[in-house]
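Now for the letters of each chain:
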Amino acid sequence: LHAIDLPIAADTALAIPALADLCARKVAERPDLAQTYEQRSVRLEARHQSLVRAAAERARQSAEEQPISQSFLAQQVWEIVQGQDWVVTSDVRGWARRLWDITQSYQYMSSRGGGGLGRGLCHSLGVALANRGSGRVCVDFQADGDMLFVDSALWTAAHHQIPLLVVMYNNRSYYNDEEHQADMAKSRQRPVENRVVGIRIENPEVDFASMARSFGVHGEGPVEHPEELRPALERALRVVVEDKRCALVDVVTQHR
């Protein structure tokens, strides 16, 4: 925990603008500091734009890669939801945060939390339920291993008519632990190739689109080719926006 002088429980949508206003007043009282702060603002904005361009370039360069890259997936979803009022309920390894133009406090509700198993879909349903009736499109970038801990939550979404666009980044692995297993194998001088035992979700692969349909949720996929991605996302978005239902798009992606 960070050391703090004064803990304040507050709604950030209200508190942060108020704090920003107070800071602006303080700067106005100190003209000698105004130029310093302005230079810092310009410097940080330039750095921000550089990072955005780099992320966009990574997505562009990976547009034809197969399995589909996570950066390209985030970029494609961003393109189809730009005309909507949207909320990211769970991110895809930070790519939505890098690529999407987040300007409102409610638009990014993703949290890594404590890395709890099955957190993604359950957290996203809570956010979508809170936003139901608002006209906002809630988007859950959903990991496949995480989904398998709580797949029956799809029934909850269907039963309670919770609109949510679930976009799976399906790397067919409990990949978070695969990396850990590799580190442990190196540390203990054991075969690194054994890191996949009990971790990879293959032979057979899970058909998440069929799973979704069995719970009463619209299912698309598995999407394996980049050119198939945009049409599948658009069909699913129409279900969420027009029918006010949950829709899932299963996208086979790279591990990272």
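For the structure itself, consult the block above.
Residues numbered from 1 in each chain as written. Predicted model: local features only at pLDDT ≥ 70, side-chain atom pairs only at ≥ 80, totals over all residues. Heavy atoms only, no water.

**Q** Please explain the state of the cysteines as it appears in this structure.
**A** Covalent bonding between the sulfur atoms of two cysteines defines a disulfide. All chains considered together, the criterion is met by zero disulfides. The cysteine Cys 122 is free of any disulfide, with Cys 246 supplying the nearest cysteine sulfur at 12 Å. Cysteine Cys 246 shares no disulfide, and the gap to the nearest cysteine sulfur, in Cys 138, comes to 11 Å. The exposure class assigned to Cys 246 is buried, which follows from its relative accessible area of 4%. (Disulfide = S-S within 2.5 Å. Buried < 20%, exposed > 50% of the residue type's maximum accessible area, 1.4 Å probe, protein only.)

**Q** Can you walk me through the packing of helix α1 (residues 12-29) against helix α2 (residues 31-61) in this structure?
**A** Any two packed helices are characterised by how steeply their axes cross, that is the angle between the axes, and by the distance between the axes. It is at 6 Å that the axes of α1 and α2 come closest, and there the two elements cross at 125°. The angle between the axes of α1 and α2 places the two elements in the oblique class. Of the residues in α2, those in contact with Val 27, Ala 28 and Glu 29 of α1 are Pro 31, Ala 34 and Tyr 37. Residues that form the contact of α1 with α2 fall into these classes: five nonpolar, no polar and one charged. (Axes fitted to C-alpha atoms, helices over the stretch in contact; angles between N-to-C directions. Helix = DSSP H or I, 4+ residues; strand = E, 2+ residues; numbered from the N terminus. Parallel < 35°, antiparallel > 145°, perpendicular 65-115°, else oblique. Contact = heavy atoms within 4.5 Å. Nonpolar A, V, L, I, M, F, W, Y, C, P; charged D, E, K, R; others polar.)

**Q** Is there a simple way to explain the packing of aromatic side chains in this structure?
**A** Any pair of aromatic rings gets described here by the distance separating the centres and the angle formed by the planes. In total, this model carries five aromatic pairs according to the counting rule given. Ring geometry for Trp 100 against Phe 141: centres 6.0 Å apart, planes inclined by 75°, an arrangement best described as edge-to-face. Here Trp 100, found in the loop between α4 (95-99) and α5 (119-131), pairs with Phe 141, found in strand β2 (residues 137-143); they are 41 residues apart in sequence, far enough to count as distant. In this structure, Trp 100 and Phe 141 share a single accessibility class: buried. Linked through ring pairs, Trp 78, Trp 86, Trp 100 and Phe 141 together constitute an aromatic cluster. Directly above the ring of Trp 95 sits Arg 98, whose terminal nitrogen or CZ lies 4.5 Å from the centroid. (Phe/Tyr/Trp six-rings, centres within 6.5 Å; stacked < 30°, edge-to-face > 60°. Lys NZ or Arg CZ within 6 Å of the ring centre and 35° of its normal.)

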